[in-house]
Amino acid sequence: MVTRVATCRCGQLSASCEGEPVRVSACHCLECQKRSGSAFATQARWPDEQVVISGQFKQWERIADSGHRATYKFCPVCGSTLAYVIEGWPGVTAVAVGAFADPNFPGPKFSVYEHRKHDWVEIHGDEVEHSSDPAIAFTQGRLPGAGSD
Ligand SMILES: [Zn+2]
Ligand SMILES: [Zn+2]
């Protein structure tokens, strides 16, 4: 079974992820733009038990549009946000795709919050589901429960 390792920029914090992710998504919401520092964010999710986080981290919480608490784990040394969990989607951990530093990482199958998308951004692929309605983003292609990307 494939194991991929995501790390923060300084490398002391890592997330070892076993098996294929259950969801890879691109999110254009403003919070994800702020989190990633980019015009959109991509994240991959695995069941919690398939993600082993090693190293020091701090946590920061916010309430997502869905009303659920989102908890972000970030490196206190270099500041990278490596992983996060959302109450509305219990049992899965989201890991920032960029933290894998792997251009061959599976691409997103969901592109959500497209009403916040920068005009010059386009997520390609025949199998990509696009959504602009946050209410749809909360439920589309999800495991039971809801959340925000
Ligand atoms: Zn770091
Ligand atoms: Zn988002």
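Residues numbered from 1 in each chain as written. Chains lettered and ligands numbered in written order. Predicted model: local features only at pLDDT ≥ 70, side-chain atom pairs only at ≥ 80, totals over all residues.

By size, the foremost hydrophobic cluster in this structure holds 24 residues, and its most contacted members are Ala6, Ala15, Leu82, Tyr84 and Val95. Looking at this core, the elements with two or more residues in it are β2 (14-18), β4 (41-47), β7 (69-74), β8 (81-86) and β9 (92-96). Here this core gets five residues from one element, more than from any other, and that element is β8. In this structure, Val95 is in contact with Ala6, Ala15, Cys17, Gln43, Ala44, Val51, Leu82 and Ala83, ignoring residues within four places of it in sequence. Core analysis: the second largest hydrophobic core is formed by ten residues, Ala26, Cys32, Ala41 and Ile123 among them. (Core = buried A, V, L, I, M, F, W, Y, C linked by C-beta atoms within 7 Å. Buried ≥ 20, exposed ≤ 12 C-beta atoms within 10 Å, placed from the backbone. Helix = DSSP H or I, 4+ residues; strand = E, 2+ residues; numbered from the N terminus. Contact = placed C-beta atoms within 7 Å.)

Here Ala101, not a glycine, exhibits a phi torsion of approximately 45 degrees, which is positive. With respect to the helices, strands and loops of the structure, Ala101 is situated in the loop between β9 and β10 (110-112). Taking the number of C-beta atoms within 10 Å as the measure of exposure, Ala101 has 11 and is therefore exposed.

The next thing to look at is the sheet that holds strand β1 (residues 3-7). Taken together, the three strands give an open sheet; going across it, the order is β1-β2-β5, and neighbouring strands pair in antiparallel fashion. The sheet terminates laterally at β1 and β5 (51-54), the two strands that pair on one side only. Neighbour-to-neighbour, the strand axes of this sheet turn through a mean angle of 15 degrees, independent of strand direction. Taken together, the four bridges between β2 and β5 define a ladder with antiparallel strand orientation. By the bridge assignment, Cys17 is partnered in β5 with Val51. (Pairing = 2+ DSSP bridges. Axes fitted to C-alpha atoms, helices over the stretch in contact; angles between N-to-C directions.)

Right, let's talk about the pairing of β9 for a bit. In terms of residue burial, β9 counts as a mostly covered element, since five of its five residues are buried. The pairing of β4 with β9 spans five bridges and is classified as antiparallel. Paired with Pro47 across the two strands is Val92, which belongs to β9. Note that β8 and β9 share two bridges and pair antiparallel. Bridging across to β9, Tyr84 finds its partner in Ala94. The turn joining β8 and β9, which pair antiparallel and follow one another in sequence, is formed by five residues; a positive phi near 95 degrees is taken by Gly91.

Moving on to the confidence of the model for the chain. Across the chain, pLDDT averages 90, with 89% of residues at or above 70. Segment residues 139-147 is flagged for pLDDT under 50; beyond a separation of four residues in sequence, or across chains, it makes 25 contacts in the model. (pLDDT = per-residue confidence, 0-100.)

Let us now look at the pairing of β8. Where burial is concerned, most of β8 is hidden: six out of the six residues are buried. Bridge analysis of β7 against β8 gives five bridges, and the strand direction is antiparallel. Residue pairing across strands places Lys73 opposite Ala83, the latter belonging to β8.

Another point: the sheet that holds strand β6 (residues 58-63). The sheet built from eight strands is open, its strands ordered β6-β7-β8-β9-β4-β3-β10-β11 with mixed pairing. Edge positions in the open sheet fall to β6 and β11 (129-130), since each of these has one partner strand only.

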